[in-house]
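Observations on chain architecture
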There are 2 protein chains.
Amino acid sequence: MNIAIQGILGSFHHIVAHQYFGEDVNLTECLSFDVMPQLMNSNKVDGAVMAIENTLAGSILSNYALIDEFDLRIHGEVHLPIHHNLMALEGQSLSDIKEVWSHPMAILQCRKYFRDYPNIKLVEESDTAEVAKQIQDKKLMGIAAIASNMAAEIYNLNIIESEIQTRKQNYTRFFILKKSNGNIHTTNEVNKASLRFVTHHHTGSLSEVLRIFASFNMNLSKIQSLPIIDNPWNYSFFADVVFDDYQQFQKAIIEVKNKVSDLKVIGEYKQSKRKHDS
Amino acid sequence: MNIAIQGILGSFHHIVAHQYFGEDVNLTECLSFDVMPQLMNSNKVDGAVMAIENTLAGSILSNYALIDEFDLRIHGEVHLPIHHNLMALEGQSLSDIKEVWSHPMAILQCRKYFRDYPNIKLVEESDTAEVAKQIQDKKLMGIAAIASNMAAEIYNLNIIESEIQTRKQNYTRFFILKKSNGNIHTTNEVNKASLRFVTHHHTGSLSEVLRIFASFNMNLSKIQSLPIIDNPWNYSFFADVVFDDYQQFQKAIIEVKNKVSDLKVIGEYKQSKRKHDS
């Protein structure tokens with residue numbers, strides 16, 4: 001099994017890939033999400049791990065757009081508690097640090113911490129772990145990374161301060177993606193689905209769709225309208241539903257199809273438990 | 001009238017403040033959104049302009065959280081087409097540029113452009129216009145800003161490349177905020193409202209709320225569920241509704257209050273037209 005991850009070994013995507021597929025999985029390191037669909041569609045990888053939303057930053061709409069555009073399928077989800085740590089070469093302390101390099105999302109999640117250190121310059125890089133590796137490879141002084149414990153271990157850096165994220169309960173939700181013709185779970189494992197649909201113009205059309213979900217005992221666990229510029233009265237939605245009975249889910253989908261102008265089931269999968277931080 | 005804006009003169013918030021309040025308004029420059037509620041609550045300003053969502057990046061959940069925590073009220077909205085331009089000192093060309101400094105959101109919106117220039121380092125700063133000012137004040141060579149046309153004019157920089165945002169139709173929606181006891185519009189101007197509510201535990205509770213909106217001829221123009229970590233079966237929503245008849249809106253609110261465990265009307269205001277780029 002070969003799985004594409006965003007970032008290099010030690011990234012949060014690496015941690016998720018191990019949790020989901022076990023430690024024997026082969027990983028293909030990607031320095032942007034954009035290359036993942038190509039890798040999947042050319043069969044260079046069997047799947048991918050892709051961050052989709054975070055408790056602080058919200059949904060990554062551009063990743064929803066990639067999934068939609070390349071017609072990828074969600075095979076599973078993982079909620080990972082994100083622990084950000086400030087790390088540098090052995091012997092460096094906070095007062096030595098002039099610049100912190102990290103992924104934009106990691107910087108965003110630690111912004112409050114750095115307010116107390118206005119002299120530290122925050123620089124965007126494409127991956128949290130990649131910076132940790134660079135600091136070690138090039139023996140960079142005065143530079144720190146924001147990355148996982150795993151990255152500190154792999155690249156042998158010293159953690160100057162741990163848990164620097166703004167919200168201590170900081171979760172990121174990741175999708176496990178496959179090509180649309182990839183294998184899916186057996187139906188008795190499936191209790192969650194991600195949908196994309198476009199409602200008709202009339203008032204109350206979303207309410208009708210949600211009423212159908214409710215009548216089939218499906219719980220809505222996420223809904224998000226997408227900003228559509230060119231046609232402000234047509235709405236597009238991403239929704240997640242949770243259910244106990246797969247047959248009921250299938251019946252609901254048939255009814256919803258009659259109520260919307262477009263419906264795509266992006267994935268049927270097993271809901272992940274959100275583990276609290278240990 | 002004194003209005004707080006994120007960033008300094010030449011920022012997109014400055015452009016919005018002029019559009020909404022006219023060019024005679026006094027502006028208080030803020031280098032973060034967090035200081036705005038304090039300025040408002042201590043009556044140092046009469047209101048604030050705050051970016052709330054973008055067509056590419058989605059909602060700024062942390063600003064929704066600020067509005068909620070400090071009990072601010074939305075007085076209006078503006079949809080601004082965002083044109084990002086790469087600018088530097090006169091005489092500098094693209095090949096001279098080693099680093100680009102800008103606001104994280106601006107960098108995010110121009111990420112695709114910079115993929116063709118992997119040697120240019122992207123550095124986060126707190127404001128787009130502030131960088132333009134610094135480049136001029138300190139005569140910085142090799143550094144470019146991503147900022148508005150207005151910033152290029154005010155700080156006398158040369159635009160190396162215009163319209164570098166990934167999506168040409170790139171809009172940001174801004175809220176005009178006032179304190180909760182601030183004056184509001186007359187009701188005959190009001191045709192839109194922003195709400196926050198928490199639904200009860202049972203299946204279909206959101207559908208019931210939306211059905212009420214529909215039965216009073218209110219159109220949903222945005223809905224977003226918020227990730228709640230500690231209680232995954234309680235949902236919190238931010239929703240915007242559009243209506244023609246203010247009396248109907250008031251009746252709907254009374255009915256919705258009986259269906260949810262918490263409801264707050266964050267603002268009643270006039271819907272802004274999204275102008276297409278000229």
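How each quantity is defined
All residue numbers refer to positions counted from 1 along the written sequence of the respective chain. To label them, take the chains in the order written and letter them from A, then take the ligands in the order written and number them from 1. Thresholds applied to this predicted model are a pLDDT of at least 70 for local features of residues and 80 or more for the giving and counting of side-chain atom pairs; totals over whole chains, interfaces and linings are not thresholded and use all residues. Neither water nor hydrogens contribute to the side-chain values; these are computed over all heavy atoms in the structure. UniProt positions are given in the numbering used here, feature names are shortened, and annotations may be inferred rather than shown by experiment. Helix and strand definitions here come from DSSP, where helices need a minimum of 4 consecutive H or I residues and strands a minimum of 2 consecutive E residues; each element is numbered from the N-terminal end. For every residue, the accessible area (1.4 Å probe, protein chains only) is compared with the maximum for its type, and the residue is labelled buried under 20%, exposed over 50%, or partly exposed between those bounds. Salt bridges, as used here, are contacts in which a Lys or Arg side-chain nitrogen is within 4 Å of a carboxyl oxygen on Asp or Glu. Each copy is superposed on the other by least squares, with the fit set by C-alpha atoms of residues at a pLDDT of at least 70 in both. Here a residue-residue contact requires only that any non-hydrogen atoms of the pair lie within 4.5 Å. As used here, buried area is the combined drop in accessible area, with a 1.4 Å probe, of two parts when they are placed together. The term polar contact refers here to a pair of N or O atoms within 3.5 Å; inside protein, the definition further demands a hydrogen-donor-capable atom paired with an acceptor-capable atom, and it admits residues adjacent in sequence only when both atoms are side-chain atoms. All amino acids are sorted into three groups, where Ala, Val, Leu, Ile, Met, Phe, Trp, Tyr, Cys and Pro are nonpolar, Asp, Glu, Lys and Arg are charged, and the leftover types, Gly among them, are polar.

Take the UniProt feature "domain: Prephenate dehydratase" (unreviewed entry) in chain A next. Mapped onto this numbering, the UniProt entry annotates "domain: Prephenate dehydratase" (unreviewed entry) at residues 2–179 of chain A. Within residues 2–179 of chain A, the helical portion is 30% and the strand portion 33%, while the C-alpha atoms at the span's ends are 13 Å from each other.

Our next topic: the environment of A:Leu72. Residues and elements named next belong to chain A. Turning to its location among the elements, Leu-72 is positioned in the loop between α3 (61–69) and β5 (73–81). Its relative accessible area of 0% is what places Leu-72 among the buried residues. Separated by 195 residues in the primary sequence, Leu-72 and Gly-267 place their C-alpha atoms 8.7 Å from one another.

Let's shift gears to the pattern of salt bridges. Residues and elements named next belong to chain A. Per the counting criterion, the structure on display carries 28 salt bridges over all chains. Glu-208 is the partner of Lys-259 in a salt bridge, and the nearest nitrogen-oxygen pair spans 3.6 Å. With Lys-259 in the loop between α9 (246–257) and β15 (260–269) and Glu-208 in helix α8 (residues 205–215), this pair connects stretches of sequence that are 51 residues apart. Take Glu-208: its relative accessible area is 25%, and that puts it in the partly exposed class. Look at the salt bridges and you will find they share partners, linking Glu-53, Glu-77, Arg-173, Lys-192, Lys-222 and Asp-240 into a network.

Once that is clear, we can look at the relation of the copies chain B and chain A. It takes a turn of 180° to lay chain B on chain A, together with a shift of 0.0 Å along the axis; the resulting RMSD is 0.0 Å. What the superposition gives is, in effect, a two-fold axis relating one chain to the other. Both copies contact each other with a shared surface, as 100% of the interface residues of chain B are interface residues in chain A too.

The subject of this paragraph is the interface of chain B and chain A. Bring the parts together and some accessible area is lost; that lost area is often taken as the interface size. Contacts between the two partners involve 50 residues from chain B and, on the opposite side, 50 residues from chain A. For the chain B and chain A pair, buried surface summed over both sides reaches about 3900 Å², with 55% attributable to carbon and sulfur atoms. The tally of links from chain B across to chain A stands at four salt bridges. B:Glu124 is paired through a salt bridge with A:Arg111; the nearest N and O atoms lie 3.0 Å apart. Where chain B touches chain A, the interface holds 10 residue pairs in polar contact (both at pLDDT 80 or more). At seven residues, the largest contribution of residues to the side of chain B that touches chain A is made by strand β13 (residues 219–226) of chain B. For the side of chain B that touches chain A, a count of residues per class yields 23 nonpolar, 15 polar and 12 charged.

Residues and elements named next belong to chain A. Within α8, eight of the 11 residues are buried, leaving the element largely enclosed by the surrounding structure. Buried within α8 we find Ser-205, Leu-206, Ser-207, Val-209, Leu-210, Ile-212, Phe-213 and Ala-214. Looking one or two residues beyond α8, the residue adopting positive phi is Asn-217, at roughly 60°.

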